[in-house]
Amino acid sequence: MESRIPEPRHIVIIGGGVIGITTAYYLTRHPSFNTAIHHITLLEATSIAAAASGKAGGLLGLWAYPTCIVPLSYRLHAELAAEHGGAERWGYRQLGCGQIAATIKKSKLANGPTKSRKKSSLGITKVEDGQDGLQVDGQAEWQKLPKQDEKASSMLHESVLPADLDWINASLVREYAEMGLPGFTETAQVHPYQFTTSIAALARKGGTEMRINAKVTQIGLNKSETAVSYVEYLDRVTGKTRTLEGVTDVVVAAGPWTGQLWPKTKVEGLRAHSVVFAADVSPYAVFTDISLPSDWVPAHRAARGEKRKHKGNVDPEIYARPGGEVYACGEPDSTTPLPETADQVECDESQCDDLVSYIGTVSPVLSAAAVAAKQACYLPRHMRFGRESAPLVGATSVGRLWVASGHTCWGIQNGPATGKLMSELIFDGEAKSADIAELDPRKHKV
C-alpha cells in the first residue's frame, strides 16, 4: 500500500462562510491532521457567517443539486447533528415540503386600485432603485431564485394540503404539490447562522486559527508562478497590511468575492432579499405561486402613490424554523454591485416590504406576525457564457491553490460535503467520499 509521508503544511482558508468553516472543521478531523506539523489559518474580512451563510434559509434537501455531492452532504448534516447536538444547537430537524398555487381575489385584500404615477410619452414610469431592467407601466415579472432545477420540479406530485399546514389559508389554495419521490425527496433544515458559527467553534477547538476583519488583498505565488507562497491581507481594525509567509496551501472559499480574488473562477454575486417573521408555526417549507388581482397594490406602495412592482404571479419561499421563527425569501436582483465586504451589503427595504405583503395574502398568521428582520445577501454564482454553472470544488492549475465556491442557493446544504471533500483532496490527494470530477475547476482552466 502506498504511504504518504507527513509533511509540514500551512493551509490558509479565505472565507468565514459555511464552505470555509466546514473545510476547516473537516481538515481538523482528518486522520492525517497533526497539530505538530500542520497549521490552519482562516481569514475572514468581516465576521463568521456575516454574508449569505448567516442570512440563508437553511433548507436541506435530497432533491437539491449538484447530485454528485447532495446525498453525501445530506448524510453528513445528520451525522454532525447527532454528534454535536445539532437539534438543540442549530435547529436541525426534518420537515414537510411542498408547493402551493393560490389565487387571491380582490375581496380578500385590504387595498384596492390606486392611481398610477405620471407616465412619459412612451408609457414608461421611473424605475425604482433595486429593480431590474426596464419596466413597462412600472411593473416587472417576478424573478425566481434558482432553488429547484428541472429534476427537483419533476419530483413534486399532486397532493392534499396537509391539515397541520394551518398557517396557510386553505380556501385560497388551488393546488398543493408535495415533494414525494420516495428515497429522493427527504427535506430537513438548519438555522444557517447557528450552524455555521457552531461548526466554526468546533473547528477552532480542533486547532484552526481564525482571524476576523482580515480582508485578503493578494494571493502570492512563487517566483515561477507555479504554486502559492504567501497571502497578504488588510487588518481592518488597525488599517495595516499583513503577510502570511510560508503558505503551502490556499483554499479560496470567499463566496461571491471569490471572483475578485481569483478572476479565472468567474464566481460572482447575485443579491437576494429575505425577511424573518416572529411566529411559531408547524414545520413546513412552502414554495408558492400566488396569483394577485392586477389592480391590487401593497399598502406600503399605495401610501406612496406607487403601483405594485410585479405583474403576474409572485413566488416567495417560506420556511418555518424552530424557536418561533419563519424565514421567507424573495426574488434576486442584479442592480446593486457586490460591495467590498459583507458588512457593506445594502438592503432595499421596499423589496422586503413587498415580500411581507405578498406572503400576507396567503397566510393570515404571518400577516399578523411581527417582522423580526429585513436583510439582503449575495449568492455566489459560477457563471460561464452567461449561464449558471455547477460549483467549483478542487484544485486549480496553480499548485496547491484550491477553490470551493459557487454553490448559489445550496451552500448550507452542500457545505459539509464540500468541506469533507476538500480535506481529502488536501491530505489524501484525491476525493474519496464522492466522485466530483464534474466540479473540477481545471475543466474551466481555472
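Description of the structure in this document.

About the thresholds
Residues numbered from 1 in each chain as written. Predicted model: local features only at pLDDT ≥ 70, side-chain atom pairs only at ≥ 80, totals over all residues. Heavy atoms only, no water. Salt bridge = Lys/Arg side-chain N within 4 Å of Asp/Glu carboxyl O. Helix = DSSP H or I, 4+ residues; strand = E, 2+ residues; numbered from the N terminus. Buried < 20%, exposed > 50% of the residue type's maximum accessible area, 1.4 Å probe, protein only. Pairing = 2+ DSSP bridges. Axes fitted to C-alpha atoms, helices over the stretch in contact; angles between N-to-C directions. Expected span 1.5 Å × (residues − 1). Left-handed = near helix turned anticlockwise from the far one by under 90°. Contact = heavy atoms within 4.5 Å. Parallel < 35°, antiparallel > 145°, perpendicular 65-115°, else oblique. Nonpolar A, V, L, I, M, F, W, Y, C, P; charged D, E, K, R; others polar.

### Regarding the pattern of salt bridges
Moving on, step 1. Within this structure, the stated rule accounts for 17 salt bridges.
Moving on, step 2. We note a salt bridge from Arg236 to Asp343, for which the minimum N-O separation is 3.1 Å. Taken together, the positions of Arg236 in the loop between β12 (228–235) and β13 (241–244) and Asp343 in the loop between β20 (325–333) and α9 (349–360) put the pair 107 residues apart, joining distant regions of the chain.
Moving on, step 3. Arg236 gets classed as partly exposed once you look at its relative accessible area, which sits at 30%.
Moving on, step 4. In this structure, Arg271 engages Asp333 in a salt bridge whose closest nitrogen and oxygen atoms are separated by 3.1 Å. Note that Arg271 is positioned in strand β15 (residues 267–278) and Asp333 in strand β20, a separation of 62 residues in sequence. No difference in accessibility class separates Arg271 from Asp333, as the two residues are buried.
Moving on, step 5. Beyond isolated ion pairs, a larger network of salt bridges with shared partners links Glu7, Arg9, Asp249 and Arg400.

### With respect to the sheet that holds β13
Moving on, step 1. Reading across from one edge, β11-β12-β13 is the order of the three strands in this open sheet, with antiparallel pairing throughout. The open sheet terminates on both sides in strands that have one partner only, identified here as β11 (214–221) and β13. For this sheet, the mean inter-axis angle between neighbouring strands, taken without regard to orientation, is 25 degrees.
Moving on, step 2. Relative to β12, β11 runs antiparallel, the two being bridged by seven bridges. Pairing of Gln218 across the sheet is with Glu232, part of β12.

### Structural notes on the pairing of β12
Moving on, step 1. Between β11 and the antiparallel strand that follows it, β12, lie six residues; Glu225 among them carries a positive phi value of about 55 degrees.
Moving on, step 2. Summarising the sheet, β12 and β13 pair through four bridges and their orientation is antiparallel. Among the inter-strand pairings, Glu232 is bridged to a residue of β13, identified as Thr243.
Moving on, step 3. The antiparallel hairpin formed by β12 and β13 contains five residues in its connecting segment, where Gly239 sits at a positive phi of about 80 degrees.

### Describing the pairing of strand β16 (residues 284–291)
Moving on, step 1. Burial runs high along β16: six of the eight residues are buried.
Moving on, step 2. Here eight bridges tie strand β5 (residues 96–103) to β16, and the two strands are oriented parallel to one another. Looking across to β16, one finds that Gly96 is bridged to Tyr284.
Moving on, step 3. The pairing of β16 with strand β19 (residues 317–321) spans three bridges and is antiparallel. Within β19, the position partnered with Val286 by the bridge is Ile318.
Moving on, step 4. As paired strands, β16 and strand β18 (residues 313–314) are joined by two bridges and run antiparallel to one another. Within the sheet, the bridge partner assigned to Ile290 lies in β18 and is Val314.

### Some remarks on helix α1 (residues 18–29)
Owing to its 3.6 residues per turn, the α-helix aligns residues three or four sequence positions apart on the same side.
Moving on, step 1. Look at α1: 16 Å from first C-alpha to last across twelve residues, which is about the 16 Å you get at 1.5 Å a residue.
Moving on, step 2. Of all the twelve residues making up α1, eleven are buried; the element is thus mostly covered by neighbouring parts of the structure.
Moving on, step 3. For α1, the full list of buried residues reads Val18, Ile19, Gly20, Ile21, Thr22, Thr23, Ala24, Tyr25, Tyr26, Leu27 and Thr28.

### Focus on the packing of α1 against helix α6 (residues 192–206)
Each pair of packed helices gets described by two things: the angle between the helix axes and the distance between those axes.
Moving on, step 1. At a minimum axis distance of 8 Å, the contact between α1 and α6 shows a crossing angle of 35 degrees. Crossing of α1 against α6: the hand is left-handed. The segment α1 lies against α6, with Val18, Ile21, Thr22, Ala24, Tyr25, Thr28 and Arg29 engaging Phe195, Thr196, Ile199, Ala200, Leu202, Ala203 and Gly206.

### Digging into the packing of α1 against helix α11 (residues 411–428)
Moving on, step 1. Between α1 and α11, the least distance of the axes is 7 Å, while the angle of their chain directions is 45 degrees. Our classification of the angle between α1 and α11 gives oblique. Remark: the crossing between α1 and α11 carries right-handed chirality. Each of Val18, Ile19, Thr22, Thr23, Tyr26 and Leu27 in α1 lies in contact with α11, whose residues at this interface are Gly411, Ile412, Gly415, Pro416, Thr418, Gly419, Lys420, Met422, Ser423, Ile426 and Phe427.
Moving on, step 2. For the contact of α1 with α11, the residue count by class is nine nonpolar, seven polar and one charged.

### Quick word on the sheet that holds strand β24 (residues 401–405)
Moving on, step 1. The sheet built from six strands is open, its strands ordered β10-β2-β1-β14-β24-β23 with mixed pairing. Sheet topology places β10 (208–211) and β23 (392–395) at the edges, where each strand pairs with a single neighbour. Each strand of the sheet is rotated relative to its neighbour by a mean of 20 degrees, with strand direction disregarded.
Moving on, step 2. Here strand β14 (residues 249–252) runs beside β24; their pairing, made up of three bridges, is parallel. Note on β24: the bridge partner recorded for Val252 is Val403.
Moving on, step 3. Set on the sheet, α1 makes contact with β1 (9–14), β2 (38–43), β10, β14 and β24; between it and β2 the angle comes to about 165 degrees.

### Focus: the side chain of His407
Moving on, step 1. Tracing the backbone through its elements, the reader meets His407 in the loop between β24 and α11.
Moving on, step 2. Under the relative-accessibility criterion, His407 is labelled buried at 5%.
Moving on, step 3. Other than its neighbours up to four places away in sequence, His407 contacts Ile19, Pro380, Pro391, Val393, Asn414 and Thr418.

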